[in-house]
Structure formats: C-alpha cells, structure tokens
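Okay, here's what each chain looks like letter by letter:
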Amino acid sequence: MSRVRATWGRRLAGLGVALLAGVVDASPVHARQPAQPSSTEQRLRQQQNELDKLRRERSDLEARMTELQRSARSLADEVRNLEAQRQTTRRLVAALDKQLETINDEVIKAGTELARAERELDGKRSALHRRMVEIYKRGSLYDVEAMLSAQSFAGLVARYKYLHELALNDRNLVRRVEGLRDQIATQRKLLVRLQDEVSRNRQEKDREARRLAQLESRKERNLTAVQLTAQRTRNRLQQLSRDESRIANAISALETARRRAEMSPNARPAAPSTIRTGDLGRLAWPVDGTIIYRFGRVINPNNTTTRWNGIGIGANPGTSVKSISAGEVVLADNVGTYGPTVIVQHGGGDYSVYGSLQNIAVRRGQQVTKGQIIGTVGATDPELPPHLHFEIRPRGRAIDPLEYLRAKR
C-alpha cells in the first residue's frame, strides 16, 4: 500500500510541476510597445522649430546690415534694420521664456513620476523579499506536499489553482520590479537632460538679453546720428542755396553792368565771347577726373534732394585746374560751401565757375588765357571727396557743362 502511494505521489508531483511550469511558461509576455512622443515633447519640438526660424530671420537681417554697411548706405535704413533685429530678438527672448516654462513643467512632472516609481519600487521589493523568504523557509517540495495532502480530487484541483495563481503573482511581481527599475533609470536620464536644457535655455536667454540691450543702444545711437545728419543736411542745403544765390547774383550784377556799359553813348564795341557755338562738345576739361555728381537734381542716400548748377569732377587734392577759355577773372574769393571760387567772364555774357579749390592762383581783374592754371583741386566740402565744382553759364544761365566738354573715351 505504501509503495502504491509513493508511486502515485511521484506521478502527481511530476504532473503538478509540469503543469506549473507549463502555466508559468505559457503566461503571456507582453511585448514592450514603442514609446509615443508625449504632448510636452511635441510642444518642445514646436518651440524649438520656432526658435530656429527666428534665428534664421535674424541672421538674414544681420546679413542685410552687413550689406548696408559695405555699400553707400543711409543711416535711416540701418535704423530700420536695427529695429527689425530688435523686434526679432525680443520675440526670440519671449520664445525662450515660453520654452523654459515648458521645460520646468516637464521637470516637475518627471520628478513626481520618479518619486512615485521609487516609492512603488520600494514596496514591490519588500513584497518580493518576503516571498523569497517564505519560499526558502517552505523548501523546494512544498508545492508537491500541498498537492499530495489533498483529501480528494476536487481538493487537488483547488490546491493546484491556488498554486497556479501564486506562481503567476510571483512572476508579475518580478516583472513589475524590473519594469520599475527600468522606468526609474529612464526618468533619471530624462531629468538630467531636462536640467541640461534648462541650463542651456538660461544661458541662451542671457545672451539674447545682452544682444537686445546692445541693439537698443545701437538703435538709439543711430537715431541720434540720423537726426544730426538730417539737421546737417538741412543746414548744408540751406547754405548751398544761399551760396548759389550769391554766385547767381554776382553774375547777374556783372551782366547788368556789362549791358549798361554797352548801351552807353561812348561805349566801345563789346568783344565777342571766347566760347563759341562751335565749341560744343570740344572744350578741354578743366581737370582730368571722374564725375562724382551731375548737373540738375540729385537724390541723396538720405532721400534729400540737391540741385547742382554744375558738375563735380573728382581728382586728387592739389591737381591743377585750368581755364576752359580766355577771359577776365571777375571773382576770386571764398564763397561759403563753394569754398575758394574763381569766376571767369569770357565775353558776350558767358561765364565759367570753378569752385571747391584748394588755393587760387589768379586775382580779380586778371586776364587769363585758355588752359592757364587758375588754382588747384581742394576738399572744402566735408560731405564729398576732393573735387572741382565746375559750371558754364552762357548769358548767365546755368547749363549742363558736359554739353561743351569733350567726350571722354
């Protein structure tokens, strides 16, 4: 009888262990699903894209500013560019503030999740420790003994179900401990990354705040410069207008005196002009150089308008200036913005004007010949490079001198 009982015991033990092993092995192992990006991560990514867009916009503005500074520029254009940069930088700082707020929220959330996971892990580890102690104390044959001590087949099935549920619970406990351990490691890495992001965000915000202060200071300086330049330009235009009137009045007075002299009873026949109609396009240039401004109205870079009664011929300071034709020097004096100026009367009411000279080599009342040196090129106008201001006034009326000068090849 005892031998039969032992044989059935071994068979039932083997069956129970096999069933337990089969149940444990057959328990479903859930595949780990790939993590989906959270709404916070999506928001951070959108904010980063916005920051990158703002940086590109500011880079374009800085490139435009460099281009303005390399070319003949208007301070007003620079002020507008600086204002655009300032607005972009202000938006960049606001975007960084928003990003920092999002990151801080994520840090708080990650810290809370980490603390919760650590508390749960401590509890699960304690439970797992107790189970291990219980299993060790009961020994390796406890399950078999529990099943063999059943008084009936129904009792055997009930004990088997209990042991089955106990094994599943133990496995789930182990899996949960492993999952919590992985979750805590992930949360700690996330916290480190977020803390780095916070540090980087604050450093970049500090840089942008300094840049914003510099842009505002630079804009104020340029605005002041624009106002000063505008005032200087207005003063200069007013002075130019006064000086042009002075030249025109001087020539008008000379013409009036000449006509009166011609109409007097004992007047000698007036000498014809040494500048003839056949000289159109044939006269030699008073100085070799390049034209820096032309006859007529010229729009300046600051959107002001200057009306020139002659042309500006750029040349090195000290270059000799020659009379285009024979005549009499009727003015050799300093004329405001014109600087040292010589006016030659060629007869018949024709005049030539030579301004912005460095020095004058003739005197009033002196007769000069064609090609005679009457002075040298100067730099009397601070707004322009060294040049000769040259006019031709047939019958006292200003015309484009290029009509008379020989065309350059």
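Anything mentioned here points back to the structure above.
Residues numbered from 1 in each chain as written. Predicted model: local features only at pLDDT ≥ 70, side-chain atom pairs only at ≥ 80, totals over all residues. Heavy atoms only, no water.

Some details on the sheet that holds strand β1 (residues 290–293)
Pairing in this open sheet of 7 strands is antiparallel, and the strands run β1-β4-β12-β8-β7-β6-β10 from one edge to the other. Of all the strands in the sheet, the pair left with one neighbour each is β1 and β10 (367–368). Pairing of β1 with strand β4 (residues 311–314) involves 3 bridges; the strand directions are antiparallel. Considered in β4, the bridge of T290 is made with G314. (Pairing = 2+ DSSP bridges. Helix = DSSP H or I, 4+ residues; strand = E, 2+ residues; numbered from the N terminus.)

Observations concerning the pairing of strand β8 (residues 350–355)
Of all 6 residues that make up β8, 6 are buried, and the element is covered over most of its length. Residues D350, S352 and Y354 point to one face of β8 and Y351, V353 and G355 to the other, with burial holding for every one of them. The sheet contact formed by strand β7 (residues 340–347) and β8 spans 5 bridges and is antiparallel. Its bridge partner lying in β8, V342 is registered against Y354. Once β7 ends, the chain turns through 2 residues before running back antiparallel as β8, passing G348 with a positive phi of about 65 degrees. (Buried < 20%, exposed > 50% of the residue type's maximum accessible area, 1.4 Å probe, protein only.)

Digging into the pattern of salt bridges
Under the criterion given, the structure shown has 7 salt bridges. A salt bridge links R116 to E120, with the nearest nitrogen and oxygen atoms 3.1 Å apart. Of this pair, R116 and E120 both sit in helix α3 (residues 75–138), 4 residues apart, which is roughly one turn of that helix. We note a salt bridge from R131 to D170, for which the minimum N-O separation is 2.6 Å. Separated by 39 residues along the polypeptide, R131 in helix α3 and D170 in helix α5 (residues 153–263) bring together distant segments of the chain. The same class applies to R131 as to D170, namely buried. By sharing partners, the salt bridges in this structure join E113, R116, E120 and R176 into a single network. (Salt bridge = Lys/Arg side-chain N within 4 Å of Asp/Glu carboxyl O.)

Quick look at the environment of P394
Within the fold, P394 resides in the segment after β12 (387–393). With a relative accessible area of 16%, P394 lands in the buried category. With 49 residues separating them in the primary sequence, P394 and Q345 have C-alpha atoms 9.9 Å apart.

Here's the deal with the sheet that holds strand β5 (residues 320–322)
The 3 strands are arranged β5-β11-β9 in an open sheet whose pairing can be described as antiparallel. In the strand order of this sheet, the two ends are held by β5 and β9 (357–360), each with one partner. Taking the axes of each pair of neighbouring strands and ignoring which way they run, one obtains an average angle of 35 degrees across the sheet. Note that β5 and strand β11 (residues 373–377) share 3 bridges and pair antiparallel. Among the inter-strand pairings, K322 is bridged to a residue of β11, identified as I373. (Axes fitted to C-alpha atoms, helices over the stretch in contact; angles between N-to-C directions.)

Shape is all these values report; function is a separate question.
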